Amino acid sequence: MLFRSVDEAEGVPFLVMPLLEGESLHQLLSRGPLNRREARRITLEVASALRAAHACGLVHRDVKPSNIWIRRKADGSESAMLLEFGVALPSEAGGSTSGSAGYKSPEQSLGAPCDPRTDCFALGCVVFEMLTGRKAWPSSQADLAKLTLPAADPAVPTAWRPLLRSLLSLDPAARPATMEEVAGLVPPEARPKGALVACGLMLALMLACQVYGLPGEVCVAVSYIESRHATQAVSSTGCPATRTRRVLVSRVIGPYVSEADGLRAGPRRTSARSRASS
């Protein structure tokens, strides 16, 4: 809960609440779908919040983008917070159809008893919307049984389909029973392409060292790939900055360096004035 304390001033009671910087997930999605890394982080953070609620015996019953706050911290990082427990009920409680159309589960719409799997369904709707920028279900859920599962939507990345297929099952028994199970179905974070390129560069440099007979260049390659500063790496290794070494580093690594790095892709050129002075 967001209440920090309850106090009174001059006979007027008041609640003390934190000031949250940021925006709702609904506002964020109004600008389009999220990238997979951001969707993964928000999914896991909301699942963690739901796990805490379920541990207290509560079912949120209204998980949707407008009830998820993307908090921006002072250090520039972000985290997702689950808000609005106004319609939360104890697990297995029935008789209420409260919730938001397009996100509440079939059993919730029928007023049947709800448990954590009800929140799983709503979380699945949110995940689908984060990945595609569209709602998983229409506003009216009267004909849910006749609809195609959103997990089959071609806009859903392949790695995310098992998670959505499980969360959005119309049968509660087919959904994860706990948020720990949900977290286990979230796809792992994709390995950055830059790391694969770096490994390829290392192998290419090692091969080049064998051909040129320059084993000392291995340390130059490793230092460069880690720091992305070729000229600094060459000088820091203590190796003579000969033209052969500079050409080797430039030809193998240079094409992968953007001008934004502020690096020189080709071998250094010595000006006529410098040659004359030497």
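Nothing here was measured: the structure is a model prediction, and the numbers come from that model. (Residues numbered from 1 in each chain as written. Predicted model: local features only at pLDDT ≥ 70, side-chain atom pairs only at ≥ 80, totals over all residues. Heavy atoms only, no water.)

A word on the overall build of the protein chain
Step number 1: Within the protein chain one finds 11 helices and 7 strands.
Step number 2: By residue count, 39% of the 278 residues in the protein chain fall in the buried class.
Step number 3: Look at the contacts in the protein chain between residues 6 or more apart in sequence, and 58% of them connect residues 24 or more apart.
Step number 4: On the protein chain, roughly 15600 Å² of surface is accessible, and the fraction owed to carbon and sulfur atoms is 55%. (Helix = DSSP H or I, 4+ residues; strand = E, 2+ residues; numbered from the N terminus. Buried < 20%, exposed > 50% of the residue type's maximum accessible area, 1.4 Å probe, protein only. Contact = heavy atoms within 4.5 Å. Areas by Shrake-Rupley, 256 points an atom, 1.4 Å probe, with all protein chains shown as cover.)

Digging into the pairing of strand 2 (residues 12-16)
Step number 1: By the bridge criterion, 5 bridges tie strand 1 (residues 5-9) to strand 2 in an arrangement that is antiparallel. From the neighbouring strand, Asp7 faces strand 2, where its bridge partner is Phe14.
Step number 2: With antiparallel pairing between neighbouring strands as the criterion, strand 1 and strand 2 make up a hairpin whose turn holds 2 residues, including Glu10 at a positive phi of roughly 55 degrees. (Pairing = 2+ DSSP bridges.)

Structural notes on the environment of Ala39
Step number 1: Residue position: Ala39 is located in helix 2 (residues 36-55).
Step number 2: In this structure the C-alpha to C-alpha distance between Ala39 and Glu129, which are 90 residues apart in sequence, comes to 9.6 Å.

Focus: the sheet that holds strand 5 (residues 68-72)
Step number 1: As summarised here, the arrangement of the 3 strands in space is 3-5-6, forming an open sheet in which the pairing is antiparallel. With partners counted over all chains shown, the strands left at the sheet margins are strand 3 (22-24) and strand 6 (78-82), one partner each. Averaged over all adjacent pairs, the angle separating strand axes in this sheet is 20 degrees, with direction ignored.
Step number 2: Here helix 2 sits on the sheet in contact with strand 5 and strand 6, set at roughly 40 degrees to strand 6. (Axes fitted to C-alpha atoms, helices over the stretch in contact; angles between N-to-C directions.)

Focus on the nonpolar core
Step number 1: Grouped together as the largest cluster of nonpolar side chains are 37 residues, with contacts concentrated most on Leu25, Ile68 and Met130.
Step number 2: When contributions to this core are tallied by element, the ones reaching two or more residues are helix 1 (25-29), helix 2, strand 5, strand 6, helix 4 (116-132), helix 5 (161-167) and helix 6 (179-185).
Step number 3: Considering every element that reaches this core, the biggest residue donor is helix 4, with 10 residues.
Step number 4: In contact with Leu25, other than residues within four places in its own chain, are Leu34, Ile42, Pro65, Ile68, Ile70, Val126 and Met130. (Core = buried A, V, L, I, M, F, W, Y, C linked by side-chain atoms within 4.5 Å.)

A short note on the packing of helix 2 against helix 4
Step number 1: Two elements in contact, helix 2 and helix 4, have axes separated by 11 Å at closest approach and are oriented at 165 degrees. The angle between the axes of helix 2 and helix 4 places the two elements in the roughly antiparallel class. Both helix 2 and helix 4 take part in a crossing whose hand is right-handed. On the side of helix 2, the interface is formed by Ala39, Ile42, Thr43, Val46, Ala47, Leu50 and His54, while helix 4 contributes Pro116, Asp119, Leu123, Val127, Met130 and Leu131.
Step number 2: Residues belonging to the contact of helix 2 with helix 4 are distributed by class as follows: 10 nonpolar, 2 polar and 1 charged. (Parallel < 35°, antiparallel > 145°, perpendicular 65-115°, else oblique. Left-handed = near helix turned anticlockwise from the far one by under 90°. Nonpolar A, V, L, I, M, F, W, Y, C, P; charged D, E, K, R; others polar.)

Some words on the confidence of the model for the protein chain
Should the pLDDT be low somewhere, the predicted coordinates at that spot are not to be read in detail.
Step number 1: The predicted model of the protein chain averages 77 in pLDDT, with 65% of residues at 70 or higher.
Step number 2: Contacts of residues 221-249 to residues separated by more than four positions or lying in other chains number 46 contacts, the stretch itself having pLDDT below 50. (pLDDT = per-residue confidence, 0-100.)

A look at the side chain of Glu23
Step number 1: If you trace the backbone, Glu23 turns up in strand 3.
Step number 2: There is a polar contact of 2.6 Å between the side chain of Glu23 and the side chain of Arg31.
Step number 3: The contacts of Glu23, once residues within four sequence positions are left out, are Leu28, Arg31, Ile68, Trp69, Ile70 and Arg72. (Polar contact = N/O pair within 3.5 Å; in protein donor to acceptor, adjacent residues only side chain to side chain.)

Considerations on the pattern of salt bridges
Step number 1: Under the counting rule described, the total for this entry stands at 11 salt bridges.
Step number 2: Where Arg72 meets Glu23, a salt bridge forms, and the shortest distance between an N and an O atom there is 2.9 Å. Residue Arg72 is found in strand 5, and its partner Glu23 is found in strand 3; the two are separated by 49 residues along the sequence.
Step number 3: By relative accessible area, which is 37% here, Arg72 ends up partly exposed.
Step number 4: Looking at Glu23, the relative accessible area reads 9%, which means it is buried.
Step number 5: A salt bridge links Arg51 to Glu180; its shortest N-O distance comes to 3.8 Å. Of this pair, Arg51 sits in helix 2 while Glu180 sits in helix 6, and the two are 129 residues apart along the sequence.
Step number 6: When its relative accessible area of 48% is taken as the criterion, Glu180 is described as partly exposed.
Step number 7: Taken together, the salt bridges that share partners define one network made up of Glu23, Arg31, Arg41, Glu45, Arg72 and Glu78. (Salt bridge = Lys/Arg side-chain N within 4 Å of Asp/Glu carboxyl O.)

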